Every structure is written in structure tokens, then in C-alpha cells.
Amino acid sequence: MHVRTQVPLAPLTTLGIGGNAAVLAELTDPADFPDVVNLARREGARPLVLGGGSNILVADAGCGVPVVRMATQGAVFERDDDGEAVTVTVQAGQSLQDLVEETISNGLTGLETLIGIPGTVGATPVQNVGAYGQEVADVLVRVTAWDWATGREVTLSAENCRLGHRTSIFKHSTRWTLLTVTFRLRPSELSTPITYGMVARVLDVPKGTPVLLAEAAAAVLTVRRSKGMVLDPGDSDNRNVGSVFLSPVVDEKEAENLRAEQAPVNTFPDSLTRVSASWLVKAAGFTLGQAIAPGIRMSTKHFTLVAEGHATAREFAEAARAVAEAVKETTGIQLTPEPDLFGDEPAYLHLKQSALAAAAG
Ligand SMILES: Cc1cc2nc3c(=O)[nH]c(=O)nc-3n(C[C@H](O)[C@H](O)[C@H](O)COP(=O)(O)OP(=O)(O)OC[C@H]3O[C@@H](n4cnc5c(N)ncnc54)[C@H](O)[C@@H]3O)c2cc1C
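Procedures and definitions
The written sequence of each chain sets the order in which its residues are numbered from 1. Side-chain atom pairs in this predicted model are given and counted only at pLDDT of 80 or more, local residue features only at pLDDT of at least 70, and totals for whole chains, interfaces and linings cover all residues. Note: side-chain values were computed over all heavy atoms of the structure, leaving out hydrogens and water. Secondary structure follows DSSP: runs of H or I at least 4 residues long count as helices, runs of E at least 2 residues long count as strands, and numbering of each begins at the N terminus. Based on C-alpha atoms, the radius of gyration is set beside the globule rule, defined as 2.2 Å times the residue count to the power 0.38. Using a 1.4 Å probe on the protein chains alone, a residue whose accessible area is under 20% of its type maximum counts as buried, one over 50% counts as exposed, and one in between counts as partly exposed. Throughout, a contact is declared for two residues whenever any of their heavy atoms are within 4.5 Å. With residues, only the protein chains shown are counted as cover, and all accessible areas are computed by Shrake-Rupley using a 1.4 Å probe. His is not counted here, nor are the chain ends, while Lys and Arg score as positive and Asp and Glu score as negative. For the purpose of locating charges, the reference atoms are NZ of Lys, CZ of Arg, CG of Asp and CD of Glu. Here a residue counts as near a molecule or strand whenever at least one of its heavy atoms sits within 4 Å of it. A 3.5 Å cut-off defines polar contacts: any pair of N or O atoms within that distance qualifies, except that in protein one atom must be a possible hydrogen donor and the other a possible acceptor, and neighbouring residues in sequence count only when both atoms are side-chain atoms. In this classification, Asp, Glu, Lys and Arg are treated as charged, Ala, Val, Leu, Ile, Met, Phe, Trp, Tyr, Cys and Pro as nonpolar, and every other residue, Gly included, as polar. Throughout the structure description, domain borders are defined by an automatic or database domain assignment. By buried area we mean the combined loss of accessible area, with a 1.4 Å probe, across both parts when two parts are placed together. The term salt bridge refers to a pairing of a side-chain nitrogen on Lys or Arg with a carboxyl oxygen on Asp or Glu at a separation within 4 Å. Should DSSP find at least two bridges between two strands, the strands are taken to pair. Whenever a helix is involved, its axis is fitted only over the stretch in contact; in every case the axis is a line through C-alpha atoms, and angles between N-to-C directions fall within 0 to 180 degrees.

A separate point is the overall build of the protein chain. Assigned secondary structure in the protein chain consists of 8 helices and 19 strands. Against the globule reference of 21 Å for 361 residues, the protein chain gives a C-alpha radius of gyration of 20 Å, in line with a compact fold. C-alpha atoms of the protein chain, sized along the principal axes, occupy 55 × 55 × 40 Å. Relative to its 361 residues, the protein chain shows a buried fraction of 52%. Taking as baseline every contact in the protein chain between residues at least 6 positions apart, the subset at least 24 positions apart corresponds to 60%. Accessible surface, the protein chain: about 16,100 Å² in total, of which carbon and sulfur atoms supply 50%. For the protein chain, the distance from the average position of its 30 positive side-chain charges to the average position of its 41 negative side-chain charges is 3 Å.

Among the 34 residues in the neighbourhood of the ligand, the closest are listed as Val-49, Ser-54, Thr-120, Arg-224 and Asp-340. Within the backbone of Val-49, an N or O atom sits 2.5 Å from an oxygen atom of the ligand. Side-chain polar atom of Thr-120 to an oxygen atom of the ligand: 2.7 Å apart, as the coordinates give it. For the ligand, the protein covers 93% of the area, taking 980 Å² as the surface of the free molecule. Elements with a contribution of two residues or more to the shell around the ligand: strand S3 (48-50), strand S9 (130-131), strand S13 (176-187) and strand S19 (340-342). With 3 residues, the single largest contributor to the shell around the ligand is S13. Here the residues of the shell around the ligand are counted per class, giving 17 nonpolar, 14 polar and 3 charged. Two domains each provide a minimum of three residues to the shell around the ligand, namely domain 1 (2-70) and domain 2 (75-187).

What follows concerns the domain arrangement of the protein chain. The parts lose accessible area when they come together, and the size of an interface is often stated as this lost area. Parsing the protein chain into structural domains produces domain 1 (2-70), domain 2 (75-187) and domain 3 (252-360). With centres defined by C-alpha atoms, the gap from domain 1 to domain 2 works out at 22 Å. With 14 residues of domain 1 at the contact, the number on the domain 2 side is 16 residues. Each partner contributes to the roughly 1,200 Å² buried at the junction of domain 1 and domain 2, and carbon and sulfur atoms together form 72% of this total. On the surface where domain 1 and domain 2 come into contact, there are 0 salt bridges. Elements with a contribution of two residues or more to the side of domain 1 that touches domain 2: helix H1 (33-43) and S3. For the side of domain 1 that touches domain 2, the leading source of residues is H1, giving 4 residues. A per-class count over the side of domain 1 that touches domain 2 returns 9 nonpolar, 4 polar and 1 charged.

With respect to the element layout, Asn-238 can be found in the loop between helix H4 (213-226) and helix H5 (252-260). Residues in contact with Asn-238, not counting those within four places in the same chain, are Thr-14, Val-230, Leu-231, Asp-232 and Pro-233.

Quick look at the sheet that holds strand S16 (residues 291-293) now. The strands making up a sheet associate through hydrogen bonds between their backbones, and the pairing can be parallel or antiparallel. If you trace the 3 strands from one edge of the open sheet to the other, you get S16-S17-S18, paired in antiparallel fashion. A single partner strand is all that each edge strand has here, and the edge strands are S16 and strand S18 (305-307). Between one strand axis and the next, the sheet turns by 40° as a mean value, whatever way the strands run. Bridge count for S16 against strand S17 (residues 296-298) is 2 bridges, and the pairing is antiparallel. Looking at the pairing, Ala-293 lines up with Ile-296 of S17. Sheet strands touched by helix H7 (residues 313-331): S16, S17 and S18. Its angle to S16, the strand with the most contacts, is close to 115°.

Another aspect to go through is unusual backbone geometry. At His-172, a position not held by glycine, the phi torsion is positive, near 60°. Tracing the backbone through its elements, the reader meets His-172 in the loop between strand S12 (152-157) and S13. With a phi angle near 65°, Gln-262 is a residue other than glycine that sits in the positive phi range. Structurally, Gln-262 is set in the loop between H5 and strand S14 (265-267).

This brings us to the pattern of salt bridges. One pass over the full model with this rule turns up 10 salt bridges. Between Arg-297 and Asp-237 there is a salt bridge, with the nearest N and O atoms lying 2.8 Å from each other. Residue Arg-297 is found in strand S17, and its partner Asp-237 is found in the loop between H4 and H5; the two are separated by 60 residues along the sequence. Since its relative accessible area comes to 9%, Arg-297 is described here as buried.

Dropping the structure here:
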């Protein structure tokens with residue numbers, strides 16, 4: 001384990017915003033995890049866990065509590081006795097993108113439409129990562145985690161992780177550090193049925209059609225690129241966290257009205273109906289590329305916020321507040337922020353409060 005002090009966190013996040021970690025430990029060897037436990041004891045605080053930094057906003061003042069960056073690597077594939085499935089157990093620091101590519105080349109279905117999502121495998125159960133018809137809940141078997149409340153390593157079944165729409169017991173909690181994640185995938189050259197209209201259109205197939213795994217992934221990447229949802233170092237819209245807001249739940253009447261306005265309204269695995277947050281942002285009158293706060297503007301490709309220059313967490317929080325307020329005023333619908341917040345700062349406490357209030361139901 002490599003420990004450093006006063007480490008700038010901005011370069012370790014996709015937004016490129018925020019102050020220093022007072023202490024940052026980078027874990028590359030899973031066998032060194034006891035050193036993380038000892039560090040936390042010395043510092044007198046549970047650590048914050050950092051993966052690829054693609055879903056966090058770091059406070060301008062940085063983090064006083066220790067930060068552990070999960071950089072453990074490796075995936076072990078095991079075929080079930082009956083040959084019906086393959087389980088893959090993956091170290092938390094492994095890149096999701098690399099894992100998805102490996103499963104596709106091994107002829108395994110279950111993760112192919114998650115191609116292009118940045119970050120680590122260990123973060124995927126945290127918000128039940130999902131995209132274009134697949135989500136972690138479909139294939140998760142179990143996780144192993146360090147439980148800071150009991151001081152023990154535990155194994156939690158998928159059921160005990162209580163995965164919901166972009167949430168789980170791990171979201172908004174510092175209790176567990178995920179160490180490994182086990183998925184169950186099915187051997188097949190074909191993808192799960194393509195359920196997203198945009199992806200089906202790229203493939204030129206009717207919705208509900210399975211296609212070759214590599215074709216499904218390529219189509220998803222085409223759709224993602226059109227929205228700037230694939231990180232590309234040369235892209236001026238690169239500094240983002242994907243979706244700033246969760247897709248809000250709407251009732252039947254709202255769904256009917258929104259569908260009449262051609263809004264993307266979908267029913268999700270939890271049986272709730274949601275409308276696209278980015279559609280609401282557009283409906284509130286925002287335009288692509290529009291400046292929202294100093295250093296923060298709309299992406300030029302999609303209705304999400306991107307950072308520029310020396311943008312600060314305060315500015316990002318102000319921009320998110322301005323967008324949410326405008327959406328509330330024009331559509332009556334409340335948006336909830338998706339990224340997690342590292343460090344406490346009055347300027348963005350309203351984001352944290354609104355996320356926690358929404359999570360509490
Ligand atoms: C361009 C872009 C597109 C995106 N598209 C999607 C999408 O389609 N669908 C989707 O669901 N998300 C999407 N995201 C969000 C993000 O990529 C995912 O949430 C991803 O899982 C975050 O992984 P990470 O390793 O970067 O986590 P981080 O941002 O480092 O951390 C996110 C949260 O998880 C916690 N965490 C991370 N690792 C662990 C661990 N080992 N144990 C315990 N807690 C941990 C952190 O403490 C933090 O609270 C997108 C982001 C970007 C920038």
C-alpha cells in the first residue's frame with residue numbers, strides 16, 4: 001500500500017474539481033488491506049473510498065478523513081458444473097470497461113450494454129450501475145466487503161445489497177469498503193434483447209432483438225458517443241460525471257402528459273416509471289453549451305453539466321442548484337443529484353440533503 005499526504009484529488013476525478021486528501025492510500029495488493037484498517041485506526045476515521053472518481057464531487061476544501069483509492073486488479077472466471085453459467089469474481093479496483101471487453105471476447109452475456117461506463121468494478125454495486133437495458137442487479141451474485149461497523153470482512157449476497165434504481169445499501173454510506181464483486185454471466189454469442197429504441201435504431205433491428213455481443217456493444221458506444229457519454233481525452237466536454245441528476249419518478253398522470261410531449265418515459269425493473277432528467281433540463285429552456293455558472297456549462301452534446309478551467313465544487317453545486325430550480329419551476333418535477341460528495345462544504349450541502357431526503361423516500 002502506498003500512502004501519501006496532501007494529495008490533490010481533482011486529477012483523480014473525471015470532473016477535475018476539488019481540494020486535497022489529507023491522506024491518500026492507494027491499495028494495489030488485496031493482501032495489504034489490513035494496512036488500510038490500521039491507517040483508519042491511526043487517523044481515527046473510516047476512510048472514504050475512491051475508485052475511478054467518475055461519480056463524485058470533491059469539496060474545494062478537500063477531505064480531512066483518509067481516502068483509500070482501490071487499485072486492486074484481476075478477475076477469475078469459473079464455469080458452473082452444468083456449463084449453464086460462468087461466475088466471475090473481480091477485484092474492486094479493476095476497470096469496468098476492461099471487464100466488459102473481456103466478457104464480450106469470452107462470449108459471455110450480461111454486461112455488454114455497460115460498455116463505455118467509466119470507473120471501477122468495486123463501485124458498480126454502489127449505485128447499481130446500469131445502462132441501455134442492463135444493470136448490475138441482473139447479474140450480481142455477491143460481494144465481499146470490509147465492514148467498518150463490526151471490524152470484519154463480510155460476504156453479502158446480491159439480495160442483502162438491496163440494489164434499487166441507482167442505489168443500494170452502499171450508497172450514502174461509509175460502512176463498507178467493497179473488496180471483490182462476483183457476477184454470474186451466461187455463455188452466449190448473443191446479447192440480451194435490445195430494449196432501448198436508440199440502440200435498436202443504430203442496429204436497425206426491432207426492439208427486443210438479441211444481436212451479436214460485439215455488435216450490441218458497438219451500437220451502445222455509438223449512442224454514448226453522440227451524447228458525449230464516453231470519456232475521450234480530446235473531447236472538450238470530457239470533464240463530467242455522466243448524469244448530474246437521477247431520472248425522477250413520475251406518476252401515471254405525469255407520465256401520460258410527458259409522453260404526449262415525446263419525453264423519454266420508461267418503466268424500470270423496480271416497476272416505477274421515470275422520465276429522463278436530461279429531457280427535463282432541455283424542457284426547462286437550457287441550451288447545449290450554455291454557461292450556467294463560472295467554469296460550469298452544459299455539454300455541447302447532451303443536457304448535462306461539464307467543468308472548464310479552474311471550476312470549483314462551489315460553482316458546480318451552484319450550477320446544479322440553478323438547473324434543478326429551473327426544472328422545478330417549469331415542470332413541477334424535483335431533480336435529485338446522482339454523484340456522491342466527498343468532504344463537507346456548506347456550498348453544496350443542499351445537494352447532499354436533497355440526495356439523502358430522496359434516498360430516505
Ligand atoms: C461519461 C460518464 C458516463 C457515465 N455513464 C453511466 C451510466 O451509463 N450508468 C451509470 O450507472 N453510471 C454512469 N456513470 C457514473 C459512474 O461512471 C459510475 O457510477 C461508476 O460506477 C463510478 O465508478 P468509480 O470507480 O469512478 O467510482 P467513484 O466515482 O470513485 O466513486 C463513486 C462512489 O462509489 C464509492 N465507491 C467506489 N469504490 C468503492 C468500493 N470499492 N467500496 C465502497 N465504495 C466504493 C465511492 O466512495 C463513491 O461514493 C457515468 C460517468 C461518466 C463520467
